[in-house]
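Single-letter residue listing:
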Amino acid sequence: MKTYQLTIGDQHRDLPIIPINNDTAIASFVLLGDDAMSYTAAKLLLPKLPTTFDYIVTVESKGISLAHDLTLLSGHPRSLVIRKSVKGYMKDPLATTVNAITTTHEQKLVLDGSDARRLRGKRVVLVDDVISTGSSIHAAGQLLDRAGCQVVAKLAILAEGAAAQRTDIQFLKPLPLFNRDGTVK
């Protein structure tokens with residue numbers, strides 16, 4: 001199996017190159033459970049945070065550990081998670097849909113109504129592990145706008161493909177897209 005070598009701070013990973021459709025493959029970066037990588041990336045992203053914000057928000061699930069680490073490192077007591085389905089405990093949830101590069105079908109993004117009320121009038125930093133097409137972070141931003149908060153920054157560990165050219169996000173490293181044979185596009 002072909003791999004892509006990634007280094008973030010003192011963390012080194014060989015990411016497997018996985019086909020996602022007939023002509024494109026990605027270097028599979030799975031942050032969930034990789035606590036050393038999450039903590040290292042959070043320390044490196046910390047200086048990129050705005051000086052003033054109220055909450056860090058992420059989309060379920062791979063950005064959760066990053067949001068947790070950034071929240072604690074920045075001295076904030078709580079992060080919030082936009083879920084991918086309505087949960088039984090949710091009251092008056094806000095929802096939208098998105099098609100992401102790594103999924104084969106439309107996904108739901110859901111913000112618990114109590115979290116939406118908590119965020120009203122607040123300044124929010126939206127974080128994720130990888131931003132690719134930007135569709136997930138865009139949909140999350142729209143959902144947060146409906147909740148009445150202001151997204152003051154968007155941060156990721158990696159910007160994949162054309163996302164590395166975006167000016168509305170901050171990230172640590174670009175991540176190329178690949179052809180199915182593992183060569184860089």
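Along every chain, residues carry numbers that run from 1 in the direction the sequence is written. In view of the model being predicted, local features appear only for residues whose pLDDT reaches at least 70, and side-chain atom pairs are presented and counted only at 80 or more, with totals across whole chains, interfaces and linings using the full set of residues. With hydrogens and water set aside, each side-chain value is computed from the structure's full complement of heavy atoms.

Q: Any chance you could break down the pattern of salt bridges for me, citing the residues and the numbers?
A: Whenever Lys or Arg places a side-chain nitrogen within 4 Å of a carboxyl oxygen from Asp or Glu, that contact is recorded as a salt bridge. As enumerated under the stated definition, the model contains seven salt bridges in all. Among the salt bridges present, the one from D129 reaches K62, with a minimum N-O distance of 3.8 Å. Of the two residues, D129 is situated in strand 8 (residues 123-131) and K62 in the loop between strand 4 (55-59) and helix 2 (64-73); the sequence distance between them amounts to 67 residues. A single salt-bridge network, built from bridges that share partners, covers K154, R166 and D168. Secondary structure elements follow DSSP: runs of H or I of four or more residues count as helices, runs of E of two or more count as strands, with numbering from the N terminus.

Q: Please provide a residue-by-residue account of unusual backbone geometry, values included.
A: Here the bond from E60 into S61 is cis, since omega is 5°, no more than 30 degrees from zero. Along the chain, S61 turns up in the loop between strand 4 and helix 2. The phi dihedral of D92 is positive, around 50°, even though this residue is not glycine. By secondary structure assignment, the location of D92 is in the loop between strand 5 (79-82) and strand 6 (94-98).

Q: Hey, could you go over the pairing of strand 7 (residues 107-111) for me, with residue numbers and the actual values?
A: Exposed residues in this analysis have more than 50% of their type's maximum accessible area, buried residues have under 20%, and partly exposed residues fall in between, with area computed by a 1.4 Å probe over protein chains only. Among the five residues in strand 7, four count as buried, and that is most of the element. Each pair of strands is called paired provided DSSP finds at least two bridges between the two strands. Sheet topology note: the strand 6/strand 7 ladder contains five bridges and is antiparallel. Paired with V98 across the bridge in strand 7 is Q107.

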